[in-house]
Number of protein chains: 4
Amino acid sequence: VQASFARLTLMRTIGAHLSRIAPGEVEIALAFRDDLTQHHGYIAAAILTAIVDVACGYAAMTLMPAGMSVLTVEYKVNFLAPARTEQLLAVGRVMRPGRTLTVCNGDVVGIAPDGCQPLATMLGTMMAIPENQTPH
Amino acid sequence: VQASFARLTLMRTIGAHLSRIAPGEVEIALAFRDDLTQHHGYIAAAILTAIVDVACGYAAMTLMPAGMSVLTVEYKVNFLAPARTEQLLAVGRVMRPGRTLTVCNGDVVGIAPDGCQPLATMLGTMMAIPENQTPH
Amino acid sequence: VQASFARLTLMRTIGAHLSRIAPGEVEIALAFRDDLTQHHGYIAAAILTAIVDVACGYAAMTLMPAGMSVLTVEYKVNFLAPARTEQLLAVGRVMRPGRTLTVCNGDVVGIAPDGCQPLATMLGTMMAIPENQTPH
Amino acid sequence: VQASFARLTLMRTIGAHLSRIAPGEVEIALAFRDDLTQHHGYIAAAILTAIVDVACGYAAMTLMPAGMSVLTVEYKVNFLAPARTEQLLAVGRVMRPGRTLTVCNGDVVGIAPDGCQPLATMLGTMMAIPENQTPH
């Protein structure tokens, strides 16, 4: 997971990092940055999606055999509140592992001095492919 | 739409621009950039999502009264092929306009010398809110 | 919730019943029936969807003021395993209540002598409308 | 497709029938019935889902080799208007065929003397499995 995450250029571009890896569960942390915002000044929906997608994808990878890579087949995200906290945390979890397809859910929370606030929630499907195989 | 798009900092960060605005249909263009890629070297899923979300949101806004802003309630995206072309185009369309909620679909295509290739497809819900009202 | 459920003709048609109502959480029970199956002899995807949609809708209604009715705006369902147990249970939960829109998630589990098995999982959006108002 | 549809007990239970089969596109017709309604007297969301899911699944099957069966991996449905017309038609289409996964979209329309009205729209993923293999 760490070796693969290091090759995720977009995560470097937005300043996200892996904050926890456990079997079937991965967390990604992101700090608020002005260049990631939408027209109201909040972190854009697609950035919340980016970090929870990566958290879910790597959560799926933790339960796959070595030498497998992971591709996002599809995801669905509901947005729950505007993202304006200094720190955001995305958690991805495996709901049902499979040889080919793994179903994951994930959440993005905003971390504030007075507690955590749910910002977005994802339900998606990840696909295992051999690392040396061209996707799709 | 143009005034609102100009405030979308994330679009500037990734180099996307508005390429067409028509009633109920908006297009966003993006050029391939290495800093937007995932671990296979393709444009990351969340970036495809970002441009088609914005295309859908503004497609919805074209049918709203003046003074309304648009928020993404939720979206679902299926990924169809890896994004490796030099140019990408996202098209957002209104399927059903509504006073509060507007249902949109959208597509991202890769533009190559030998034709267009579908890369991702979205089905989502947009919400109208008065411009001066705090979201959620 | 009980009065509204009694008017859900489809639930009577398929033999589903309300098995638990709590604030923000509702359960619907269904017994296996041959006339609800698909081509492999399992309970059809749409029947799993029917019971978890109703569980989510009523979970949302438990947190709404009296005199409000609930409409499904959209849902997404992932199917996790074939539904072949004698008893099925759908649980719907409110993730984020709202004045207009409520985000819910839900699960369908198969109940077997040796434990519960996840069959399907839903993420959806419910809308509150005044009971005397025509939907949409 | 016809042989498989004949084994879909739920379709017989609700009175739906196959009305058109073409490569990559299948239609299912349904007549309004009181026993399929929800609390407002409209056809229930899950019944719209049932017919468009089947239309999408068989649309996928038309492009698969003989001896393959189809399973729904996941779907997302947006509901656009209440279903109160005498006749409903679901159309399923293949957006991107694949060896394992096929992405489909579909629509349900209500057919009235004065024209068609969009009622629901689906975006989903279908999986090919050998007919003699146990699902999942």
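Structure: above.
A. Representation of the overall build of chain A within the structure. Counting its secondary structure elements, chain A contains three helices and six strands. Going residue by residue from the N terminus, the α and β elements of chain A occur as α-α-β-β-α-β-β-β-β. Taken against the 2.2 N^0.38 rule, which gives 14 Å for 136 residues, the C-alpha radius of gyration of chain A at 14 Å falls within 12% of a compact globule. Along the longest, intermediate and shortest principal axes, the C-alpha atoms of chain A span 40 × 25 × 25 Å. In chain A, which comprises 136 residues, the proportion classed as buried is 63%. Counting contacts in chain A only where the partners sit at least 6 residues apart, residues at least 24 apart contribute 62% of the total. Accessible area of chain A: about 5000 Å², with a carbon and sulfur share of 54%.

B. Molecular detail of the interface of chain A and chain B. Contacts between chain A and chain B engage 41 residues on the former and 41 residues on the latter. Taken together, the two surfaces of chain A and chain B that pack against each other cover about 3100 Å², and 60% of this comes from carbon and sulfur. Interface area lost by chain A to chain B is led by Leu10(A), His39(A) and Tyr75(A), which between them contribute 20%. The tally of links from chain A across to chain B stands at two salt bridges. In this structure, Glu74(A) and Lys76(B) form a salt bridge, with 3.9 Å as the shortest nitrogen-oxygen distance. If you look at where chain A meets chain B, you find 18 residue pairs in polar contact (both at pLDDT 80 or more). Secondary structure elements with two or more residues in the side of chain A that touches chain B: helix H2 (9-14), helix H3 (45-61) and strand E3 (68-79) of chain A. The element that contributes the greatest number of residues to the side of chain A that touches chain B is E3(A), accounting for eleven residues. Residues belonging to the side of chain A that touches chain B are distributed by class as follows: 21 nonpolar, 13 polar and seven charged. Both E3(A) and strand E3 (residues 68-79) of chain B contribute to a ladder of five bridges, which runs antiparallel. When the bridges of E3(B) are listed, Tyr75(A) appears paired with Val77(B).

C. Representation of the packing of helix H3 (residues 45-61) of chain C against helix H3 (residues 45-61) of chain D. Closest axis-to-axis distance for the H3(C)/H3(D) pair is 9 Å, and the angle between their directions is 155 degrees. Of the possible angle classes, the one that applies to H3(C) and H3(D) is roughly antiparallel. In this structure, H3(C) crosses over H3(D), and the sense of that crossing is right-handed. Residue-level inspection shows Ala45(C), Ala46(C), Thr49(C), Ala50(C) and Asp53(C) of H3(C) in contact with H3(D), the latter providing Ala45(D), Ala46(D), Thr49(D), Ala50(D) and Asp53(D). For the contact of H3(C) with H3(D), the class distribution of residues is six nonpolar, two polar and two charged.

D. Representation of the relation of the copies chain A and chain D within the structure. The two copies are related by a screw operation: chain A maps onto chain D through 180 degrees of rotation and 0.0 Å of translation along the axis, at an RMSD of 0.0 Å. Taken together, the rotation angle and the small translation identify this as a two-fold axis. The position closest to the rotation axis in chain A is occupied by the C-alpha of Lys76(A), lying 4.1 Å away. In this assembly, 100% of the residues forming the interface of chain A have copies in chain D that are likewise at the interface, indicating an isologous arrangement.

E. Quick peek at the relation of the copies chain A and chain B. Expressed as a screw transformation, the operator carrying chain A onto chain B has a rotation angle of 180 degrees and an axial translation of 0.0 Å, and the superposed copies differ by an RMSD of 0.0 Å. Of all interface residues in chain A, 100% are interface residues in chain B too; the two copies therefore contact each other through one and the same surface.

F. The pattern of salt bridges, seen in detail. With the rule as written, the count across this model stands at 24 salt bridges over all chains. Here Asp107(B) and Arg93(B) are joined by a salt bridge, their closest N and O atoms 2.9 Å apart. Residue Asp107(B) is found in strand E5 (residues 101-112), and its partner Arg93(B) is found in strand E4 (residues 87-96); the two are separated by 14 residues along the sequence. Of the residues examined, Asp107(B) reaches a relative accessible area of 18% and is grouped as buried. Measuring nitrogen to oxygen at the nearest pair gives 3.1 Å for the salt bridge that ties Glu27(C) to Arg20(C). Accessibility expressed as a relative area gives 15% for Glu27(C), which makes it buried. Judged by relative accessible area, which is 34%, Arg20(C) ranks as partly exposed. Where salt bridges share partners, they join Glu74(A), Lys76(B), Lys76(C) and Glu74(D) into one cluster.

G. Expanded view of H3(C). With 17 residues, H3(C) extends 24 Å between its outermost C-alpha atoms, agreeing within 8% with the 24 Å of an ideal straight helix rising 1.5 Å per residue. Within H3(C), 17 of the 17 residues are buried, which leaves the element mostly enclosed by the surrounding structure.

H. Summary view of the interface of chain A and chain D. Taken together, the contacts link nine residues of chain A with nine residues of chain D. Summing both sides of the interface, chain A and chain D together bury roughly 630 Å²; the carbon and sulfur share of this comes to 73%. Inspection of the chain A/chain D interface yields zero salt bridges. Where chain A packs against chain D, one counts zero residue pairs in polar contact (both at pLDDT 80 or more). Only E3 and strand E6 (115-130) of chain A provide two or more residues apiece to the side of chain A that touches chain D. Ranked by residue count, the leading element in the side of chain A that touches chain D is E3(A), at three residues.

I. The arrangement of the sheet that holds strand E4 (residues 87-96) of chain C in detail. Ordered in space as E1(C)-E2(C)-E4(C)-E5(C)-E6(C)-E3(C)-E3(D)-E6(D)-E5(D)-E4(D)-E2(D)-E1(D), the twelve strands form an open sheet in which the pairing is antiparallel. Every other strand in the sheet has two partners, leaving strand E1 (17-22) of chain C together with strand E1 (17-22) of chain D as the edge strands with one partner each. In this sheet, neighbouring strand axes are inclined to one another by 25 degrees on average, regardless of whether the strands run parallel or antiparallel. Where strand E2 (residues 25-31) of chain D meets strand E4 (residues 87-96) of chain D, seven bridges bridge the pair, whose relative direction is antiparallel. Pairing of Ile28(D) across the sheet is with Ala90(D), part of E4(D).

J. Examining the packing of aromatic side chains more closely. Summed over the entire model, instances satisfying the criterion amount to eight aromatic pairs over all chains. Between Phe79(A) and Tyr75(B), the ring centres sit 5.2 Å apart and the planes meet at 70 degrees, which makes this aromatic pair edge-to-face. A residue pair is termed interchain when its members come from two chains, as with Phe79(A) in strand E3 and Tyr75(B) in strand E3. Of the residues examined, Phe79(A) reaches a relative accessible area of 7% and is grouped as buried.

K. Inspection of the sheet that holds strand E2 (residues 25-31) of chain B at higher detail. A sheet is described by the order of its strands in space; here twelve strands give the open sequence E1(A)-E2(A)-E4(A)-E5(A)-E6(A)-E3(A)-E3(B)-E6(B)-E5(B)-E4(B)-E2(B)-E1(B), paired in antiparallel fashion. Every other strand in the sheet has two partners, leaving strand E1 (17-22) of chain A together with strand E1 (17-22) of chain B as the edge strands with one partner each. Geometrically, the sheet is characterised by an average inter-axis angle of 25 degrees between neighbouring strands, direction not taken into account. Across the sheet, H3(A) is in contact with strand E2 (25-31), E3, strand E4 (87-96), strand E5 (101-112) and E6 of chain A together with E3 of chain B; its angle to E4(A) comes to roughly 40 degrees. Relative to the sheet, helix H3 (residues 45-61) of chain B contacts E3 of chain A together with E2, E3, E4, E5 and strand E6 (115-130) of chain B, its axis offset from that of E4(B) by approximately 40 degrees.

Parameters and conventions
Residues numbered from 1 in each chain as written. Chains lettered and ligands numbered in written order. Predicted model: local features only at pLDDT ≥ 70, side-chain atom pairs only at ≥ 80, totals over all residues. Heavy atoms only, no water. Helix = DSSP H or I, 4+ residues; strand = E, 2+ residues; numbered from the N terminus. Rg over C-alpha atoms; globule rule 2.2 N^0.38 Å. Buried < 20%, exposed > 50% of the residue type's maximum accessible area, 1.4 Å probe, protein only. Contact = heavy atoms within 4.5 Å. Areas by Shrake-Rupley, 256 points an atom, 1.4 Å probe, with all protein chains shown as cover. Buried area = accessible area lost by both parts, 1.4 Å probe. Salt bridge = Lys/Arg side-chain N within 4 Å of Asp/Glu carboxyl O. Polar contact = N/O pair within 3.5 Å; in protein donor to acceptor, adjacent residues only side chain to side chain. Nonpolar A, V, L, I, M, F, W, Y, C, P; charged D, E, K, R; others polar. Pairing = 2+ DSSP bridges. Axes fitted to C-alpha atoms, helices over the stretch in contact; angles between N-to-C directions. Parallel < 35°, antiparallel > 145°, perpendicular 65-115°, else oblique. Left-handed = near helix turned anticlockwise from the far one by under 90°. Least-squares fit on C-alpha atoms with pLDDT ≥ 70 in both. Expected span 1.5 Å × (residues − 1). Phe/Tyr/Trp six-rings, centres within 6.5 Å; stacked < 30°, edge-to-face > 60°.

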